[in-house]
Each structure stands twice: as structure tokens, then as C-alpha cells.
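Okay, here's what each chain looks like letter by letter:
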Amino acid sequence: MDYDTIIYHLNPFGKYQLFVCLILNIGSSLNSMTSLVLNFIMTQHIHRCQIPHYDLDHYSPPGSVFINTTNGELNYNVTECTIEFNGTTTTCNSWVYDQGLFKSTIISKFDVVCDEKFFRAHFLMAHYIGLLVGSILSGFLSDIIGRKPVLVLGIMSMLIAMVTRPFVPSLEMVTFLEFINGFGSMVSYMIPFVLLTELVGPKMRLFASFCVYLGFCVGLYLLLILVYFIREWKLLMWAIGVPIGIFALIVIFFLDESPRWLISRGKMEEAMQSLKTVAKVNKMTLSLSVKDITIKDERTATFTQFLKELIKSKSLLWRLTIVSLNWFALNLVYYGISMNVAKFGGDLFVNYAASSSAELLAILFCWYTANKIGRKKLFCTVMILGGVTCTSTIFTYLYANESQTWLTTSLAMIGKFFVSIAFFVVYMFTAELFPTVLRASSLGFASMTGRLGAISSAYIAELGTLIPSKFGSALPLIVYGVVGLTGGMLSLYLPETTDIILPEYVNDAININRTEQNSQKSDGGEKSSVNNESQNGITYF
């Protein structure tokens, strides 16, 4: 009896799976909290130069500042980065900050302003590189040492980053800890997804993916509540760190290893104990022995085999190119908007709440329509609409006045709504486009390309800093829109995959949605029924 059949008989989504789902959703929530908190602790903190040798200086808007001294009244003309006194303008090296919104941030702690303000992009890049490393190592390590130990590693990484960061005296060390946090947050999202999908039946895997993503959205709102009441970045770090520590204890003592992984590693006795626990909680009977369990060979292609197959098949190579570009575009737009809500003008908390709500509405919409509309049709539509929406912000930036900044914010959030839908679909779409022997490698390569998009978003978001004008402020969203629109247009050349039987071999994947010709053509040494005719004017790759 194979594993999926066993899970079906034990209830594909019973009380045990629900219990595990609730636990793992905590990890998904913490992932979003540790990542999106950067919107607040690295926000643009209003400041101006501090008056030299005047310890009682408190923030007031840039302009003329009068100081009473024993020698009379002194007049300084101060800006964000310079001080003018007695006709001489100098660059300042100390600042005072407005504490109306936040009492302190990493920006104010380490003076990441003026000549150093571009360091925010480096800081975000460290987080994204952590995500990249986490996405690569989480699958590799979890296949070797198990799902649970790697999840504990990810949780501890987040815990260390959150708790120790307030004590670190240098910005470089804080940035390194952000890399650790990025690594841990990615592991704490990927492993729950893997664990839950391995515990449920095949028909419940879409629901499992939805649950993990829903936990991520819950964390977005929990963070909003925390930040609203805690405006000091050090206290905020500890407030997030405490539940991470509690979650670590819950995982260590209450979460079992994946039975599927135990079976794949030949640890049959441990797998039987885990399956007995599932049966007991679900109130089902487990009437089989170790000898009754079938071990399925699920080996995938090595990296060399992966490259060899792609070189032999132009169709799959072009398909992977299109998919990877879309992953790049998705990450670029998603993180470019999500991590920079303060740049759109208006109230930071309102912008963040709108961004979080756009994401929640997106996954609810996607959950309801993903199987009804079709993967390709839905994906292409939302990518193109998201690209058009983001690009349209050029008009609001150039022609709207300050009282109409909500127009830019609204367009950006609508763009995020569309890209969040695409993000939900792209995992399933990518997995269905490639054969079993290349599926994991293709998904891993596309995901890695996506992380490069996230890293790029950190610097594209700062284009307004490099080009101080209305057009410069609009440029990041224009870039996001153009790249997203390009990805959406190219995805029209991908085949539809809804309700197909997952392709097992290269030839199966090539022939998705194609009409067989009488003559068989060869692709990469394998017999193929690929034809060169296009459907509806589109040649599918």
C-alpha cells in the first residue's frame, strides 16, 4: 500500500491534520511578522540636522532655529543634511528625529540618513539574500535530516535575530542578523508547506497551500496591532521574539516528523509510530504492518541531467525561461510594493493595512477561482492587469497634487492584489508545466530566479532617491509595472494545465495541450507528437 492510500484511509484531513495545520500556521504568521516589520523599523524617519554643541536640541521642522545663549541669540538655518550659520553651510554629522510617529527606529539608532540613506537598500538586500539561501537549503537539508529539525533551525534563526539585534552596536552586524532572519523566515514558511502537504490527501493539497498562506496573512494583521501600540523598535523586536520562542517549544514537543519522509528514508518503525498517532487522533483504525508499506522511488534528476534535458528540448527550455521571468517579475513587484509602503505617501499604517488587505483578498479570490477559471487564464490576466495598474501610477505622480496621494496608493495596492493572486497560482502552475523527473529542479531554478527579483526590488525602490523628481518617485512602480506586464504577455505562450494529469516524462510535458500529428517528430532523442501548428495564433512552449 502506498503512502497516499494510507493517508486516504486515515482521513485525508482529519483532526490530526487540523491540529498540525494550526501549529504550522503559527510559523507562517511569524514569518510575515519578522519580514514585514522592516516597513516600520527601517521606515523613512523624519529628521533634521542637530545644532552643534546643543544637547537640548529637539526636533522641529527644517528651517530657521533660534538658540538663546549667554552671548545672545544665535540663528541657524538647518535642513535634513546641512547647517547654515553666519553665511557658511556645512554638512552635519548628527541629527534629531521626529518622535511623533516612532520613538526610535534602526534609521534613528544608526543615522541611516543623508549620505547613508541608500544603506536601506543594502539592508533589504541582506534580507532577500537570506530568503534565497533559505529557499535553497530548506529543501536540501529537509530531505537529508528531516522536516522537523530544519523547521527548528529556521525558528531558532528568527529567534536569535529578533532577540539579539537590539544589543548589537554596529549597523553591519544588524544587517548580518537580518540575513539570518531572512533565512529563518523562509525556512519557517517552506517547511510548514511541505509538512502539511505530506500529511493530507492529494485532493487537499491546494487547501493545505491555502492554509499556510492564510497564516501568513494573519501575521500581517498581528504585526499591525503590535506596531500600533509599540513605537520603539527594540521593544518591538522583543515583542515578536517572545512568541517565536514559544513556537519553538511547541514544535519541539508537539510536532512529529513527516511520516512520508520517514518512509522515504527507510525509517519504517518510526513512520509506523507516527501513522499510529494520526490514526488515533483521527479515530481511525490502522490495520497494516511495516511490510505492507510501499516505498515509492521518487528520485528526481540531478543538476547535470536537468541541464541535459533542457538542452535537448527547446520547448522546455523556452518554457522554463518564460516561467523564470515571471517568477522574477512576481518577486520584484511583490516585495517592491510590500516592503516600501511608506514611499507611496499618506499614512504609513493605512498603507500597510491596505497592502495586507489586498493580499488577504487575493488569496480568498484565488482559492475560489483557481480551479474554475484555469491556471493560465487567471495567471496571464492578473499579471497583465497588475503591470498596467502599476505603470498607470506615472499619471498620479506627475499630475495629482499632495491631497490626492491616495490615488497612487490605491493603484499600487490594486497592483499588489493582482500580483498576490499570481503568487498563489505560480507554484501550482510551475509544478504542472514540467515532468516529474524535472519538476523539483525546475521549481527550484524558477524560485531562485524569483529571489533575484526580490534582491533587485531593494535597489529599484530607491530610484526616487537617486532621481529627486516626480518622475523619479514614479520610476520604481513604472519598472515594476513594465516587468510584470512583460511577464504576463510572455505567459500567454504557456499551455493550460488545469485538470491535466501531471506529466511524468519529458515527452508528456511537451505535449500538454497539443494536437497530435500523423507524423511523429523527435525532440531530444525521444519520440514526440509535438507539432508546429499554433492554437489561436499562439505557439505553446
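Read on for an overview of the structure. Model, not experiment: these values are computed from the prediction.

## Quick word on the overall build of the protein
- Looking only at helices and strands, the protein has 21 helices and eight strands in total.
- What you see for the protein is a C-alpha radius of gyration of 26 Å, in line with the 24 Å of a compact globule of 541 residues.
- Along the first, second and third principal axes, the C-alpha set of the protein runs to 95 × 55 × 40 Å.
- Taken over 541 residues, the protein has a buried fraction of 53%.
- Accessible surface for the protein amounts to roughly 24,300 Å². Of this, 63% is attributable to carbon and sulfur atoms.
- Positive and negative side-chain charges in the protein, numbering 38 and 37 respectively, have mean positions lying 7 Å apart.

## Let's talk about the environment of Val341
- For Val341, the location among the structural elements is in the loop between helix 13 (314-338) and helix 14 (348-373).
- Sequence-wise, Val341 and Asn39 are 302 residues apart; in three dimensions their C-alpha atoms are separated by 7.0 Å.
- In this structure Val341 touches Asn39, Leu348, Asn351, Tyr352, Ser355 and Met413, once residues within four positions along its chain are discounted.

## A short note on the layout of surface pockets
- Roughly 1,300 Å³ of internal volume is contained in the second largest pocket.
- Breaking the lining of the second largest pocket down by element, the ones donating at least two residues are helix 16 (393-399), helix 17 (405-433), helix 19 (463-466) and helix 20 (470-490).
- Among the elements that take part in the lining of the second largest pocket, helix 20 stands out by supplying five residues, more than any other.
- Tallied by class, the residues present in the lining of the second largest pocket amount to 21 nonpolar, 18 polar and eight charged.

## Topic: the state of the cysteines
- Per the counting criterion, the structure on display carries two disulfides.
- Disulfide pairing places Cys81 opposite Cys114 at an S-S distance of 2.1 Å. On the sign convention where negative means left-handed, the S-S torsion of about -100° between Cys81 and Cys114 marks this disulfide as left-handed. Of this pair, Cys81 sits in the loop between strand 3 (72-78) and strand 4 (82-85) while Cys114 sits in the loop between helix 4 (106-110) and helix 5 (119-145), and the two are 33 residues apart along the sequence.

## Details of the pattern of salt bridges
- Scanning the model with the defined rule gives seven salt bridges in all.
- The salt bridge involving Asp143 is made with Arg147; its shortest N-O contact spans 2.7 Å.
- We note a salt bridge from Arg375 to Glu432, for which the minimum N-O separation is 3.0 Å. In this pair, Arg375 is assigned in helix 15 (residues 375-391) and Glu432 in helix 17, connecting sequence segments 57 residues apart. By the burial criterion, Arg375 is buried, and Glu432 matches it.
- Beyond isolated ion pairs, a larger network of salt bridges with shared partners links Asp143, Arg147 and Glu198.

## Remarks on the packing of helix 13 against helix 20
- Across the interface, helix 13 lies against helix 20 with an axial gap of 9 Å and an inter-helix angle of 150°. One element, helix 13, and the other, helix 20, form an angle in the roughly antiparallel class. Between helix 13 and helix 20 lies a crossing of left-handed hand. Residues Ile322, Leu325, Asn326, Phe328, Ala329, Leu332, Val333, Gly336 and Ile337 of helix 13 pack against Leu477, Tyr480, Val483, Gly484, Thr486, Gly487, Gly488 and Leu490 of helix 20.
- Its residues assigned to classes, the contact of helix 13 with helix 20 comprises 11 nonpolar, six polar and no charged.

## Notes on helix 11 (residues 268-281)
- Helix length check: helix 11, at 14 residues, gives a terminal C-alpha distance of 20 Å against a target of 20 Å (1.5 Å per residue), a fit within 8%.
- Buried within helix 11 are the following residues: Met268, Ala271, Met272, Ser274, Leu275, Val278 and Ala279. Taken around the axis of helix 11, the buried residues stretch over an arc of 165°, which confines them to a single face. Summarising the geometry of helix 11, the exposed residues directed more than 90 degrees from the buried face are Glu269 and Lys280.
- With its phi angle positive at about 60°, Lys283 sits one or two positions after the end of helix 11.

Reading the values: the criteria
- Residues numbered from 1 in each chain as written.
- Predicted model: local features only at pLDDT ≥ 70, side-chain atom pairs only at ≥ 80, totals over all residues.
- Heavy atoms only, no water.
- Helix = DSSP H or I, 4+ residues; strand = E, 2+ residues; numbered from the N terminus.
- Rg over C-alpha atoms; globule rule 2.2 N^0.38 Å.
- Buried < 20%, exposed > 50% of the residue type's maximum accessible area, 1.4 Å probe, protein only.
- Areas by Shrake-Rupley, 256 points an atom, 1.4 Å probe, with all protein chains shown as cover.
- Lys, Arg positive; Asp, Glu negative; His and termini not counted.
- Charge placed at Lys NZ, Arg CZ, Asp CG, Glu CD.
- Contact = heavy atoms within 4.5 Å.
- 1 Å grid on protein atoms, 1.4 Å probe; cavity = no way out; pocket = protein on both sides within 12 Å on 5 of 7 lines; lining within 4 Å.
- Points joined across faces, edges and corners; volume = space filled by probe spheres on them.
- Nonpolar A, V, L, I, M, F, W, Y, C, P; charged D, E, K, R; others polar.
- Disulfide = S-S within 2.5 Å.
- Salt bridge = Lys/Arg side-chain N within 4 Å of Asp/Glu carboxyl O.
- Axes fitted to C-alpha atoms, helices over the stretch in contact; angles between N-to-C directions.
- Parallel < 35°, antiparallel > 145°, perpendicular 65-115°, else oblique.
- Left-handed = near helix turned anticlockwise from the far one by under 90°.
- Expected span 1.5 Å × (residues − 1).
- Arc of directions from axis to C-beta.

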